[in-house]
Amino acid sequence: MIKNFDELEKIAKENPSRSVALAMAEESDALAAIMSAAGADIVSPILVGNGDEIRRIAGELGIELGDTRIVEAEGEYDSAEKAVELVKNGEADCLMKGKTATSTIMKAALNKEKGIRGNSLLSHISIANPPNYPKLLVITDAAMNIAPDLDAKIGIINNAVSISRKLGVDKPKVAVIGAVEKVNPAMPATMDAAVLSKMAQRGQIKNCLIDGPFALDNALSKKSCEVKGIVSEVGGDADILLLPTIEAANVLYKSLSVLTDIPMAGIILGAAKPIILTSRADSDRIKYLSILAGVSLV
Ligand code: COD
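Quick caveat, the model's predicted, so the values are computed rather than measured. (Residues numbered from 1 in each chain as written. Predicted model: local features only at pLDDT ≥ 70, side-chain atom pairs only at ≥ 80, totals over all residues. Heavy atoms only, no water.)

Participant: Help me out: how do you make sense of the overall build of the chain in this one?
Facilitator: Along the backbone of the chain there are eleven helices and eleven strands. For 298 residues, the compact-globule estimate of 2.2 N^0.38 gives 19 Å, and the chain sits close to it at 19 Å. Judged by the C-alpha coordinates and their principal axes, the chain covers about 60 × 40 × 30 Å. If you take every contact in the chain between residues at least 6 apart in sequence, the share linking residues at least 24 apart comes to 69%. Total accessible area computed for the chain in this model is approximately 13,000 Å², and 51% of it derives from carbon and sulfur atoms. (Helix = DSSP H or I, 4+ residues; strand = E, 2+ residues; numbered from the N terminus. Rg over C-alpha atoms; globule rule 2.2 N^0.38 Å. Contact = heavy atoms within 4.5 Å. Areas by Shrake-Rupley, 256 points an atom, 1.4 Å probe, with all protein chains shown as cover.)

Participant: What should I look at first to understand the packing of helix 4 (residues 75-88) against helix 5 (residues 102-110) in this one?
Facilitator: Relative placement of two packed helices is described by the angle separating their axes and the distance separating the axes. Here helix 4 crosses helix 5 at 40 degrees, and the two axes come no closer than 9 Å. The angle between helix 4 and helix 5 places the two elements in the oblique class. Along this stretch, helix 4 crosses helix 5, giving a crossing that reads as right-handed. Residues E76, Y77, A80, E81 and V84 of helix 4 touch helix 5, and the partners they reach there are T104, I105, A108 and A109. Residues belonging to the contact of helix 4 with helix 5 are distributed by class as follows: six nonpolar, one polar and two charged. (Axes fitted to C-alpha atoms, helices over the stretch in contact; angles between N-to-C directions. Parallel < 35°, antiparallel > 145°, perpendicular 65-115°, else oblique. Left-handed = near helix turned anticlockwise from the far one by under 90°. Nonpolar A, V, L, I, M, F, W, Y, C, P; charged D, E, K, R; others polar.)

Participant: Honestly, the sheet that holds strand 3 (residues 69-72) in this entry has me stumped. Any pointers?
Facilitator: Backbone hydrogen bonds hold the strands of a sheet together, and the pairing may be parallel or antiparallel. Taken in spatial order, the eleven strands of this open sheet run 3-2-1-4-11-10-5-6-9-7-8, and their pairing is mixed. Lying at the two open borders of the sheet, with one neighbouring strand each, are strand 3 and strand 8 (209-214). With four bridges joining them, strand 2 (residues 43-49) and strand 3 adopt parallel strand pairing. Along strand 3, the bridge assignment pairs G49 with E72. Running at roughly 160 degrees to strand 8, helix 7 (residues 188-201) makes contact with strand 7 (173-177), strand 8 and strand 9 (240-242) of the sheet. (Pairing = 2+ DSSP bridges.)

Participant: Would you explain the pattern of salt bridges in this entry?
Facilitator: Scanning the model with the defined rule gives 14 salt bridges in all. Between D52 and R55 there is a salt bridge; the shortest N-O distance is 3.6 Å. With a gap of three residues between them, D52 and R55 both fall in helix 3 (residues 51-61), about one helical turn apart. Through salt bridges with shared partners, a single network forms among K135, K173, D237 and D239. (Salt bridge = Lys/Arg side-chain N within 4 Å of Asp/Glu carboxyl O.)

Participant: Quick question: what am I supposed to make of the environment of A143 here?
Facilitator: Mapped onto the secondary structure, A143 falls in the loop between strand 6 (137-140) and helix 6 (150-166). Residues A143 and G294, spaced 151 residues apart in sequence, show a C-alpha to C-alpha distance of 15 Å. In contact with A143, other than residues within four places in its own chain, are T102, H124, I246 and L277.

Participant: Is there a simple way to think about helix 4 in this case?
Facilitator: Each full turn of the α-helix corresponds to 3.6 residues, which orients residues three or four apart in the same direction. In a regular helix each residue adds 1.5 Å, so 14 residues correspond to 20 Å; helix 4 covers 20 Å between its end C-alpha atoms and thus fits that length. For helix 4, the full list of buried residues reads S79, A80, A83, V84, L86 and V87. One side of helix 4 carries all its buried residues, which in axial view fall inside an arc of 155 degrees. (Expected span 1.5 Å × (residues − 1). Buried < 20%, exposed > 50% of the residue type's maximum accessible area, 1.4 Å probe, protein only. Arc of directions from axis to C-beta.)

Participant: Explain the side chain of T100 to me, please; I cannot follow it from the model alone.
Facilitator: Position of T100 among the secondary structure elements: in the loop between strand 4 (94-97) and helix 5. Not counting residues up to four positions away in its chain, the partners in contact with T100 are A23, M24, E76, A80, I105 and R280.

Participant: Just checking my understanding: could you explain the packing of helix 1 (residues 5-14) against helix 11 (residues 284-297) for this structure?
Facilitator: At a minimum axis distance of 9 Å, the contact between helix 1 and helix 11 shows a crossing angle of 55 degrees. Here helix 11 runs oblique to helix 1, going by the angle between their axes. Where helix 1 crosses over helix 11, the two elements pack in a sense that is left-handed. Residues F5, L8, E9, I11 and A12 of helix 1 form the contact with helix 11, whose participating residues are Y288, L289, L292, A293, V295, S296 and L297. Here the contact of helix 1 with helix 11 is composed, by residue class, of ten nonpolar, one polar and one charged.

Participant: Even after reading the chapter, I still don't get the site of the ligand, so can you show me in this structure?
Facilitator: In the neighbourhood of the ligand, 14 residues make up the surrounding shell, with T102, L122, A143, M144 and N145 lying closest. Contacts to the ligand include L122, whose backbone N or O atom sits 2.8 Å from a nitrogen atom. Residue A143 places a main-chain N or O atom 2.9 Å away from a nitrogen atom belonging to the ligand. Across the complex, the protein chains shield 60% of the 880 Å² of accessible surface that the ligand would expose by itself. (Near = heavy atom within 4 Å. Polar contact = N/O pair within 3.5 Å; in protein donor to acceptor, adjacent residues only side chain to side chain.)

Participant: It is not clear to me how the pairing of strand 1 (residues 18-23) should be interpreted in this structure. Could you clarify?
Facilitator: Two faces belong to every sheet, and in a regular strand the side chains alternate between them. Most of strand 1 is tucked away, with five of its six residues classed as buried. One ladder, built from six bridges, connects strand 1 with strand 2; its direction is parallel. Bridge pairing in strand 2 links A21 to I46.

Participant: Got a minute to help me understand the environment of S19 in this structure?
Facilitator: You can see S19 is positioned in strand 1. Given the relative accessible area of 12%, S19 is considered buried. Note: C-alpha distance between S19 and E7 (twelve residues apart in sequence) is 21 Å. For S19, the residues in contact, after removing those within four places along its chain, are S44, I46, E91, A92, D93 and C94.

This is the structure we're talking about:
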């Protein structure tokens, strides 16, 4: 079982180096992260964007680009399309978001003719390593699916379960999060949680235990379950948190990334190739850890 990002880094270093196309590479934290992964022989970068600007930022950061390949592109749409094209035609193994907006790069990735969509739903997962929680925590979906319906939630769970299993958790515990632990018809998230739990119990969603609804504290704290009289194998021991909407998941992700310095990573699953996707304002550390997750787990 992979318990922390140091272990993930070790795996990434043992695997053969992967080629990563960074879309709109003129962004200092993404550039620092990918060049640091290149220095550790984890990736071979292809920097897509304005070459002069990329070289200027690299110079400012004291990064030696050497013979790193640069593919000229102007602006976020051109950069996103060219980076996706490099992945589609096999020149790159992974796609990474640089200074582009998530919607721009994902629209390019989803393009029917030129994109890299796979056969399943695409969804975002964040992996966090909170110091006061005994294991890695997968949080979904902070960046892709805006208001997932029940079907989309099943796809999101399946993607998150596949990552948890790659982290070595054979039967991950999925906590479906709402505002309360009781099913309340006035709160649709709690109704979905009840249905998802029953579907897992009946084997309609496989390879995981699902329970919910939970308020966030019940999912992560045994004490909170005891106080509230919740008896659940998932409660207080979740591997995966399924948040009801992009807003809820994004607020949780940003609360962790902005207010704490815990190690975190973000990737998109379900495409034909891995997509390393963080917030543009995330630190170079989060971007580096996301590269590790993208090249090792997808
Ligand atoms: N998985 C697989 N296919 C998808 C998905 C998905 N999650 N979403 C859309 N598609 C397919 C559709 O079936 C269709 O064929 C095509 O893609 C276009 O679908 P639209 O028109 O519904 O999608 P878009 O292009 O309008 O929107 C897709 C986005 C990813 C741009 C959109 O969902 C979005 O803006 N998501 C949030 C991005 C964001 O702002 N994140 C927050 C900050 S990090």
